[in-house]
Amino acid sequence: MTEVLAVAVITVLAVIAPGADFAMVVRNSYLYGRRTGLLGALGVAAGVLVHVTYTMLGVGLLIASSTFLFTVVKLVGAAYLVYVGVRTFRTRAEVTVDLGDRTGLTPFAALRTGFLTNVLNPKTTLFVVSTFAQVVSPGTPVLQQVGYGLFMSLAHLLWFGVVAVFFSHDRMRALMLRGQKVLNKVIGSVLAGLGVSLAFAPSH
């Protein structure tokens, strides 16, 4: 139950923390409309599944081959969560979105843009690896790990779907960005605290 709650909290905080995927969905929704933004959100969610797949395989191999290496990865992952938390807490600048290029996007191009944005996003890579390293142990069933991965992907889809709906109306743009600085403080504090607590949590 503790692992499930940790996955849920870390995932939600990581998803709503503004990054390259957020800027991409905001831009495409604002410039090209709701459908383009939603397709970008779907691409982002699909990109998360790529990270989940190789992370599950890699963590499984580490568990099977070396407890020491798995412990190292776990501690590095916890340190990364603390780092992201502190950095997010200290962020003062607002997310900048390039609204200059208004050339249209085909549905496939919108989907591909979302997919590549997250597949090539180091933040997403480290988030998935770090989270799995904290909550997966030698006794964690594969189906439970798959459930974690699907939840991560679905959370991205739902959040960026909401972002696409909001930013397809220009009047909503300022509303969503208004509370960004306060949100960064909350996200940063919780992520850093989770990183510290998970680092010292006993492995099952």
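A few points on the structure. If you're wondering where the values come from, they're calculated on a predicted model, not measured in any experiment.

1. Observations regarding empty space enclosed by the protein
Scanning all chains against the criterion turns up two cavities of 30 Å³ or more. The space that makes up the second largest cavity amounts to roughly 40 Å³. Every residue along the wall of the second largest cavity is listed here: Ala14, Asp21, Lys123, Thr124, Phe127 and His156. At three residues, helix H6 (residues 122-135) tops the list of elements feeding residues into the lining of the second largest cavity.

2. As for the packing of helix H2 (residues 20-32) against helix H5 (residues 107-119)
For the pair H2 and H5, the least separation of the axes is 9 Å and the interaxial angle reads 165°. Relative to H5, H2 is oriented roughly antiparallel. Crossing angle aside, the handedness with which H2 passes H5 is right-handed. Seen from H2, the contacting residues are Ala20, Asp21, Met24 and Asn28; seen from H5, they are Thr113, Gly114, Thr117 and Asn118. Considered class by class, the residues forming the contact of H2 with H5 number two nonpolar, five polar and one charged.

Criteria and cut-off values
Residues numbered from 1 in each chain as written. Predicted model: local features only at pLDDT ≥ 70, side-chain atom pairs only at ≥ 80, totals over all residues. Heavy atoms only, no water. 1 Å grid on protein atoms, 1.4 Å probe; cavity = no way out; pocket = protein on both sides within 12 Å on 5 of 7 lines; lining within 4 Å. Points joined across faces, edges and corners; volume = space filled by probe spheres on them. Helix = DSSP H or I, 4+ residues; strand = E, 2+ residues; numbered from the N terminus. Axes fitted to C-alpha atoms, helices over the stretch in contact; angles between N-to-C directions. Parallel < 35°, antiparallel > 145°, perpendicular 65-115°, else oblique. Left-handed = near helix turned anticlockwise from the far one by under 90°. Contact = heavy atoms within 4.5 Å. Nonpolar A, V, L, I, M, F, W, Y, C, P; charged D, E, K, R; others polar.

Shape descriptors only; they carry no functional weight alone.
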